[in-house]
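Chain residues, written in single-letter form:
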Amino acid sequence: MSRLVLAIGDLHIPDRAPDIPAKFRKLLAPGKIGQILCLGNLTDKETYEFLRGVASDIQIVKGDFDVEAPGLPLHKVVTHGSLRIGFTHGHTIIPQGDSDSLLIEARKLDCDVLLWGGTHKFEAYELEGKFFVNPGSATGAISSGWWAEGDNPVPSFVLMDVQGSVLVMYVYQLRTDGKGNESVAVEKITYRKETNGS
C-alpha cells in the first residue's frame, strides 16, 4: 500500500471554480495515493466521489462553506510513521493564518505537523520544532482578503511521503505563463521531526 498522503482543500466547486484543473486530475490517478486529508470547502458531491476514486481512505474536516455536511469535525489527527499530522480548515484559527495561533492549535492537537487551509495560498514553515503547511486551493478558487489587488490564487496541492520521522513533501502548483500556457511546477521540501538525543 502506498504511503503517499494527499493534502488538498478549498476547492469551492462550482461556486468559485468550475473543477479541479485537468492537469491536476491527470496527476491524481487511483492507486498512487494511500490517504487523502481534505482540509474543507469540498462543497460538492461529484468532487468527493472523484477524490474517493483516487484513494478510498479520505479524511475530511469541515470548512466554513461545507454547509451540506454539518456533522464533519473541525479538526482531526492522523499518524504516519512517528509523525502526528493534525489538520483543520483554519476558519476557527483567530487571527486566521497567524503563526502563533497555529502553534497554539498544533500544541492543542499534540501534533508534529499541522495542515490548515482557508487562505487559498500555499505556505510551509517550521516553528518551534513543528511543521506548518497550507496546501492552498487545488482549484485556484478566488478568495477575499488574502491577495494583493491584481494577484490571483495559484492552484496547488501537496503530496507527502512519510518515512519514520521524516516527511518529504511535494508541492504541485499550476503555473500559467504570459501566453496562457499551463504547466505544473513541483517543489520538494523535507521536514525531520526533532527527537531526543538528535
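Details of the structure are given in the entry above.
Since the structure is predicted, the reported quantities are computational estimates derived from the model, not experimental observations. (Residues numbered from 1 in each chain as written. Predicted model: local features only at pLDDT ≥ 70, side-chain atom pairs only at ≥ 80, totals over all residues. Heavy atoms only, no water.)

1. Things to note about the sheet that holds strand β6 (residues 113–116)
On the basis of which strands lie adjacent, the open sheet formed by five strands has the order β4-β5-β6-β8-β7 and mixed pairing. Looking along the sheet, the strands with just one partner apiece sit at the ends: β4 (75–80) and β7 (122–127). Recorded for the sheet is a direction-independent mean angle of 15° between the axes of neighbouring strands. Here strand β5 (residues 83–88) runs beside β6; their pairing, made up of four bridges, is parallel. Bridged to Thr88 within β6 is Trp116. Strands β4, β5, β6, β7 and β8 (130–135) of the sheet are contacted by helix α3 (residues 99–109), whose axis makes an angle of about 110° with β8. (Pairing = 2+ DSSP bridges. Helix = DSSP H or I, 4+ residues; strand = E, 2+ residues; numbered from the N terminus. Axes fitted to C-alpha atoms, helices over the stretch in contact; angles between N-to-C directions. Contact = heavy atoms within 4.5 Å.)

2. A short note on unusual backbone geometry
Leaving glycine out, the prevailing phi sign among residues is negative, and the prevailing peptide bond configuration is trans. Following Ile13, the chain continues into Pro14 via a peptide bond in cis, with omega recorded as 0°. Within the secondary structure, Pro14 is located in the loop between β1 (4–8) and α1 (22–27). In this structure, Pro95 follows Ile94 across a cis peptide bond, with omega equal to -10°. On the secondary structure map, Pro95 appears in the loop between β5 and α3. Despite not being glycine, Thr43 shows a phi value in the positive range, around 60°. Under the relative-accessibility criterion, Thr43 is labelled partly exposed at 25%. (Buried < 20%, exposed > 50% of the residue type's maximum accessible area, 1.4 Å probe, protein only.)

3. Let's talk about the packing of aromatic side chains
Within the structure shown, the criterion is met by five aromatic pairs. Measuring from ring centre to ring centre gives 5.0 Å for Phe131 and Tyr191, while their planes differ by 5°; the resulting arrangement is stacked. Note that Phe131 is positioned in strand β8 and Tyr191 in strand β11 (residues 182–192), a separation of 60 residues in sequence. Accessibility assignment for this pair places Phe131 and Tyr191 in one class, buried. Members of the aromatic cluster, each reached through a chain of ring pairs, are Phe24, Phe157 and Tyr172. We note Arg16 situated over the ring of Phe65; from NZ or CZ to the ring centre the distance is 4.7 Å. Taking NZ or CZ as reference, Arg25 lies 4.0 Å from the ring centre of Phe50, over its face. (Phe/Tyr/Trp six-rings, centres within 6.5 Å; stacked < 30°, edge-to-face > 60°. Lys NZ or Arg CZ within 6 Å of the ring centre and 35° of its normal.)

4. Details of the pairing of β8
Burial of β8 is extensive: six of the six residues sit out of reach of the surface. Burial along β8 is two-sided: the residues Lys130, Phe132 and Asn134 and Phe131, Val133 and Pro135 are all buried. Sheet topology places β6 next to β8; three bridges connect them, and they run parallel. In the strand pairing of β8, Leu114 is matched with Phe132. Bridge count for β7 against β8 is six bridges, and the pairing is antiparallel. When the sheet's bridge partners are listed, Leu127 is paired in β8 with Lys130. Where β7 folds back on β8, the antiparallel hairpin that results is connected by two residues, among which Glu128 adopts a positive phi of roughly 50°.

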